[in-house]
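What follows is each chain in one-letter form.
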Amino acid sequence: MRSASNLSRSSLLSRFSGRGVLIGLGLLFLVVVVFGRAIARFYVDALWYQGVGRSDVFWGVLWAKVLLFVVFFAVFVGLAVLNLYLADRSAPTSFPANVHPYVERFHEIFGHRLRLVRYGTAVLFAFMLAMPAVQHWQDWLLFRNSTSFGIADQQFDADVSFYVFELPFISFAVDWLFAAMIVVLLLTIGAHLLNGGVMFTSTTPTVRSATKVHLAVLLSVLAAVKAADYWLTRYEVTNERRGFVQGATYAVVKAQLPALMLLVLVALLTSGLYLSTIKTGRWRYPIVASGLWMVVLIVGGLVYPAIVQSLVVKPNQAERELPYIARNVDATRLAMGIDNVTAVPVEFGRLTRSEVEGDLGPLQNVRLLNPTEMKSRFVFDRGRVAGLTIDDLDVDRYDLGNDEEQVVIAARELDIDKAPNQSWQGRHLVNTRGCGLVLAPVSQVTTSDRPAYQDLGVDRPELYFSPTMSGYAIARTDATESTCGADGQYEGTSGVPMSSFLRRSAVALAFLDYNVVGSGSINSDSQLLWVRDVRDRVEKLAPFLSYDGDPYPVAVDGTVQWVIDGYTSTTRYPYAQRLGSIQLTSNSGLSGSDNYVRNSVKAVVDAYTGDVTFYVMDPDDPILLTWQSAFPDLFTPLTEMPDELRDHLRYPEDLFRVQTELYSKYQIAAADFFERKGAWSVAQAPSDGPRAAQSTVGTSLDPDAVATEFASESNVARFVPYYTLFRNPDTGVDEFVLLRPFVPFSTNDARTELQAYMTASSDPDSYGSLTSYEVQGTDLPDGPLRVTSQAESEPNLSQRISFDDNVESGSEVRFGDLQIVPVADGLVYVRPYYVLVEGVTEYRFVIVSHNQNSAFGETLQIALAKLFPGFDVDVGDRIVVDADDPGLDELGDSDPPVEATTNTVAERPPLADDADPVAVLAEVENLFDEADALLSNGDLAGYEAKLDEARALIEQALAGVGG
């Protein structure tokens, strides 16, 4: 019997021990996966920063966070412990019998551990309140390293640095202290309840005198902290939007600011009255003051400013708001860098053939290839290699042997999902890199209507880092990497060395990937390449900057470098206008709430090694100077940038969009601002398809707008800036610029005339200079939208569009950038015409417009000859080229040599001197009839040939008449 009992007991024990083992293993697994992975990720993060040589950033950010946590944790613990200690000291010596039943029950449960529970609760709240402070590490570093702007606001005469660097952290600290004091007050009340400081002898609780004194002090401190908050709020109103513009306008200055000062006084009065209860014991006065406080808050903070706005401001709005609009105009110009725009007056007249022939320089810079529309062409011709793709095309300039010319350039990036080897080894050890650059001059097209691809001769075509990469790769392993024009393994040092089992285990745990430990191909020389998206890479190294959404590749000294524009920005520049819903590029790093922007940094990532350099573009920017003070070794002076790289820098498109949008309204005087007198709008965007309706973007130009009677334009799509070589009229030198046109302001966008156009220089000697070319006179030339509408309505072009834009045949007409080309004393518009066939873009011809007339031809020279009869000068937009790309032979996708030739008008025998005009007209009519017949049969080549023959006949006849 005993043995059976022992057996049952041992069986039970073994069962419990088995469960204990399982529970223990489960807890161990949880600890390893959750806490162990966090530790492993921290370790790998530290190794990553060490690999790129930026441990200073890793530890600098970490210690800032730790410092904030410790300080705020300690402050709360100090406040809570002090008040709990005072509550204990003032507690009755003997526990009263007439306490609340719940209090008695609480004492029964916790007994002598009651004090531990109270202090433990305080520590828990300290942890909860200190964690949010960690997120304000940027505000803390800006506060600690504040740099003066040297500019005072016009309301309080405080330096702008106070608003940008100091006020955010001070406001957070005061708000945090107010919240912390509320929690301390609640903990203190709880402590007094548990200590018997509050007795329930009747329906009304009885509070001991010591408890009243303690609570009065805490309420007094709360009121004083709120008074400080009101005082700081006075400065915040310089960045609010209550009137037509950003900043403190009439109602704010005359009504809200006095109300805030009154609230400060009422809060301080209430604080003093709570303290007075220590002597008087009378709580009636502080309670009445608290009620008065609420009345002042509602009436003074909300009702009174609204009354002033309605009864005082609106009847005389232009006069009342003028001084504050002037503040907004001045601040916005400074904050957005549009205070030093050079205004150049220009006049345009009607051009003659001889004037065009005498000024061919601007026309030789016209682009036939548009980066957006030609992407599919590049992908089809040069991106159809397994595991590679072309994701983006960019415009740049290179010297290809004759002189600097515009090109479209693209990187052949890694597309791991299309790689033939989809095993773990294939995805992480073999297919580790993209391969080289693809380039084509923008003014050359082959006889097959394809770009004339050329080789840049890059020595290091391997792209281990690019904008589309994700995940991780391990290079320098025993596995053979995909080839890219050169054998060999990764030789960089920016990765995480896999030099020990500990590191491999940490990486495996951090990524939850056992293969990192189990793979036999990884050796002690292997390197983990992580954060390979170049934009993510720079954001990880300098998260306090904003970044442009369009990194572009540059070939420098045989290597490929990715250039990413970095912005310093803030939402706190006093009186400056916020961006609102300005139409920016996708993935833009700028925010609609920003009201100060500078392109202060060019971040450059080596596509092979992964090394990152932050070059200083604006050494005078106070925000950048402040971050330089926080991280002195992070930034590199522009003087250390290689000249070859500086030659390829581009002014950022997003910043230019912001500046042109704001300049269109802020180039006028403050006195004209209210009526929008002399204001402009960014020109309406021509559609990239034929005769498409003008699309709208969003519903409101400014989401912060509160005054609907203030004239604002509709939110149709606006002209997209484009890069081009543009001749400076003062120097006569071609500059690589961004260009964007303006039209006169109108609320319904009825005005489409060209009012002005702005350029932003990207040349090293004049980088960032903004020039506004303003059209003089009342008879303004047609703007982009009207020009494109007129061109598409031309009979010949309209027929061609109808033929090419055919849904049934799977073809679609697409247009390239409409380019504005000042020639001599006139203006010429040029626009490429493409056809999308089965998803691939094919160049067809170019459209040229001038003085409400348009013509098109396979080359710019042919189109000009049609628009200006007798024009017979080589423009140089279509030359003999070799389209072979030897740099891609190893990948097996190079094309055979293709020659591009200049197409000319068909030769005709000269007309006799006594040629009958009627017979000539009849022959011309016959040629047009034959052309129409060929077009109806689908013979486009024959159609164009007959038209060219007819035009040649007309030109000869006109020449004879002229003679």
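Everything numeric here is computed off the predicted structure, so don't read it as measured data.

Chemist: Give a description of a nonpolar patch on the surface that names residues and reports values.
Modeler: A cluster of nonpolar side chains, contributed by Leu292, Met294, Val295, Leu297, Ile298, Val299, Leu302, Val303, Tyr304, Ile307 and Leu311, occupies part of the molecular surface with about 990 Å² of accessible area. Relative to the elements of secondary structure, valine 303 occurs in helix 9 (residues 284-313).

Chemist: An account of the pairing of strand 24 (residues 811-815) is requested, with residue identities and associated values reported.
Modeler: Most of strand 24 is tucked away, with four of its five residues classed as buried. Sheet analysis places strand 24 next to strand 26 (residues 826-837), joined by five bridges and oriented antiparallel. Opposite valine 813, over in strand 26, you have valine 835 as the bridge partner.

Chemist: So what about the nonpolar core? Which residues, and what values?
Modeler: If you look at the biggest cluster of nonpolar residues, it comprises 138 residues, and the most contacted ones within it are Phe76, Val516, Leu528, Phe544, Phe614 and Phe635. By residue number, the principal contributor to this core is helix 6 (residues 160-195), which donates 13 residues. Not counting chain neighbours up to four residues away, the residues in contact with phenylalanine 635 comprise Phe544, Leu545, Val601, Phe614, Val616, Leu624, Trp627 and Gln628. Judged by nonpolar contacts, the second largest core, of 91 residues, contains Val344, Leu351, Leu393 and Val442.

Chemist: Would you mind going over the environment of alanine 542 in detail, with residue names and values included?
Modeler: Along the chain, alanine 542 turns up in the loop between helix 16 (534-541) and strand 13 (546-547). Through-space distance from the C-alpha of alanine 542 to that of valine 57 is 7.9 Å; in sequence the pair is 485 residues apart. Look past the residues within four positions of alanine 542 in its chain and what remains in contact with it is Tyr547, Phe614 and Leu634.

Chemist: Please provide a residue-by-residue account of the packing of aromatic side chains, values included.
Modeler: Taken as a whole, this structure holds 50 aromatic pairs when the rule is applied. Taken together, a centroid distance of 6.0 Å and an interplanar angle of 75° make the contact between phenylalanine 149 and tyrosine 573 edge-to-face. Residue phenylalanine 149 is found in the loop between helix 5 (137-144) and helix 6, and its partner tyrosine 573 is found in the loop between strand 15 (559-570) and strand 16 (596-606); the two are separated by 424 residues along the sequence. Classification of phenylalanine 149 as buried rests on a relative accessible area of 12%. When the ring of phenylalanine 726 is compared with that of tyrosine 757, the centres are 6.1 Å apart and the planes differ by 70°; the resulting orientation is edge-to-face. One end of the pair, phenylalanine 726, is in strand 20 (residues 722-727); the other, tyrosine 757, is in strand 22 (residues 756-761), with 31 residues separating them in the sequence.

Chemist: Explain the environment of valine 830 residue by residue, including any values.
Modeler: Residue position: valine 830 is located in strand 26. With sequence-adjacent residues up to four places away left out, valine 830 is seen in contact with Val366, Asp817, Leu818, Gln819, Val821, Val846, Ile847 and Leu860.

Chemist: An account of the pairing of strand 27 (residues 840-850) is requested, with residue identities and associated values reported.
Modeler: Counting buried residues in strand 27 gives nine out of 11 residues, a clear majority hidden from the surface. Pairing of strand 26 with strand 27, which is carried by nine bridges, proceeds in the antiparallel orientation. Residue pairing in the sheet places tyrosine 829 in a bridge with serine 849 of strand 27. Where strand 26 folds back on strand 27, the antiparallel hairpin that results is connected by two residues, among which glutamate 838 adopts a positive phi of roughly 50°. Note: strand 27 against strand 28 (residues 853-857), five bridges, orientation antiparallel. The partner of histidine 850 across the bridge, within strand 28, is asparagine 853.

Chemist: So what's going on with the side chain of serine 220? Which residues, and what values?
Modeler: Among the secondary structure elements, serine 220 is positioned in helix 7 (residues 209-236). Not counting chain neighbours up to four residues away, the residues in contact with serine 220 comprise Ser271, Tyr274 and Leu275.

Chemist: Tell me about helix 12 (residues 375-382), and name the residues and values.
Modeler: An α-helical turn contains 3.6 residues, so a residue and the one three or four places further along point in the same direction. Arg377, Phe378, Asp381 and Arg382 are the residues of helix 12 that are buried. Across the axial projection of helix 12, the buried residues extend over an arc of 95°, all falling on one side. Next to the buried residues of helix 12 lie strand 4 (388-390), strand 6 (404-414), strand 8 (437-441) and strand 27.

Chemist: Can you lay out the packing of helix 2 (residues 55-89) against helix 5 for me, pointing to particular residues and giving the numbers?
Modeler: For the pair helix 2 and helix 5, the least separation of the axes is 9 Å and the interaxial angle reads 95°. One element, helix 2, and the other, helix 5, form an angle in the roughly perpendicular class. The segment helix 2 lies against helix 5, with Val61, Ala64, Lys65, Leu67 and Leu68 engaging Trp137, Trp140 and Leu141. Grouping the constituent residues of the contact of helix 2 with helix 5 by class yields seven nonpolar, no polar and one charged.

Chemist: So what's going on with the environment of leucine 219? Which residues, and what values?
Modeler: Mapped onto the elements of the fold, leucine 219 is located in helix 7. Distance in space between the C-alpha atoms of leucine 219 and methionine 181 is 8.9 Å, their sequence separation being 38 residues. Setting aside its immediate chain neighbours within four residues, leucine 219 contacts Leu185, Tyr274 and Trp283.

Chemist: Describe the state of the cysteines, listing the residues and the values that go with them.
Modeler: For the coordinates displayed, the defined rule picks out one disulfide. The disulfide partner of cysteine 435 is cysteine 484, and the gap between their sulfur atoms is 2.1 Å. On the sign convention where negative means left-handed, the S-S torsion of about 100° between cysteine 435 and cysteine 484 marks this disulfide as right-handed. Of this pair, cysteine 435 sits in strand 7 (residues 434-435) while cysteine 484 sits in the loop between strand 10 (473-475) and strand 11 (496-497), and the two are 49 residues apart along the sequence. What makes cysteine 484 buried here is its relative accessible area of 1%.

Chemist: Before we move on, could you go through the confidence of the model for the protein and cite the residues and values that matter?
Modeler: Should the pLDDT be low somewhere, the predicted coordinates at that spot are not to be read in detail. Taken over all residues, the pLDDT of the protein has a mean of 84, while the share at 70 or more is 82%. Under a pLDDT of 50 for its full length, residues 693-708 has, in the predicted model, 35 contacts with residues more than four places off or in other chains. Every residue in residues 879-908 scores below 50 in pLDDT, and together they form 68 contacts with partners more than four places removed in sequence or on other chains.

Chemist: Any details on the pattern of salt bridges? Residues and values, ideally.
Modeler: Under the definition given, this model contains 30 salt bridges. With its nearest N and O atoms 3.0 Å apart, the salt bridge here joins aspartate 229 to lysine 226. A residue pair is termed a helical-turn pair when its members lie 3 or 4 positions apart in one helix, as aspartate 229 and lysine 226 do in helix 7 at three residues. The buried category is assigned to aspartate 229, whose relative accessible area is 14%. Across the pair aspartate 381 and arginine 450 runs a salt bridge, and its minimum N-O distance is 3.3 Å. Of the two residues, aspartate 381 sits in helix 12 while arginine 450 sits in the loop between strand 8 and strand 9 (462-463), which places them 69 residues apart along the sequence. Here the salt bridges share partners, and the residues they tie into one network are Glu373, Asp688, Glu812 and Arg814.

Parameters and conventions
One numbering rule holds for all chains: residues counted from 1, following each sequence as written. Reporting of local features is limited, given that this is a predicted model, to residues whose pLDDT is at least 70; pairs of side-chain atoms are given and counted only at 80 or more, and all residues count toward the totals for whole chains, interfaces and linings. Heavy atoms throughout the structure, all of them, feed into the side-chain values; hydrogens and water do not. For patches, a residue must show more than 30% relative accessible area and have no salt bridge; joins then use 9 Å for like charges and 5 Å for nonpolar side chains, namely Val, Leu, Ile, Met, Phe, Trp and Tyr. The protein chains shown are the only cover counted for residues, whose accessible areas, like all others here, come from Shrake-Rupley with a 1.4 Å probe. Any Lys or Arg side-chain nitrogen located within 4 Å of an Asp or Glu carboxyl oxygen qualifies as a salt bridge. Helix and strand assignments follow DSSP, with helices taken as H or I runs no shorter than four residues and strands as E runs no shorter than two, numbered in order from the N terminus. Only protein chains enter the accessibility calculation, which uses a 1.4 Å probe; a residue is then buried when its area is under 20% of its type maximum, exposed when over 50%, and partly exposed in between. When DSSP locates at least two bridges between a pair of strands, those strands are taken to pair. Within this scheme, the nonpolar core is defined by two criteria: the residues are buried Ala, Val, Leu, Ile, Met, Phe, Trp, Tyr or Cys, and they are joined through side-chain atoms within 4.5 Å. Contacts are assigned to residue pairs with any non-hydrogen atoms lying within 4.5 Å of each other. What counts as a ring pair is set by centres within 6.5 Å for rings of Phe, Tyr and Trp (its six-membered ring), and what kind of pair is set by the plane angle: stacked under 30 degrees, edge-to-face over 60, tilted for all other angles. For this quantity, the arc is that covered by the directions from the helix axis to the C-beta atoms. Axes here refer to lines fitted to C-alpha atoms; in helices the fit is confined to the stretch in contact. Angles between the N-to-C directions go from 0 to 180 degrees. Small angles under 35 degrees read as roughly parallel and large ones over 145 as roughly antiparallel, with 65 to 115 read as roughly perpendicular and the rest as oblique. Classes in brief: Ala, Val, Leu, Ile, Met, Phe, Trp, Tyr, Cys and Pro nonpolar; Asp, Glu, Lys and Arg charged; the others, Gly included, polar. To count as a disulfide, a pair of cysteine sulfur atoms needs to be within 2.5 Å. Values of pLDDT, ranging from 0 to 100, describe the predictor's confidence in every residue of the model.

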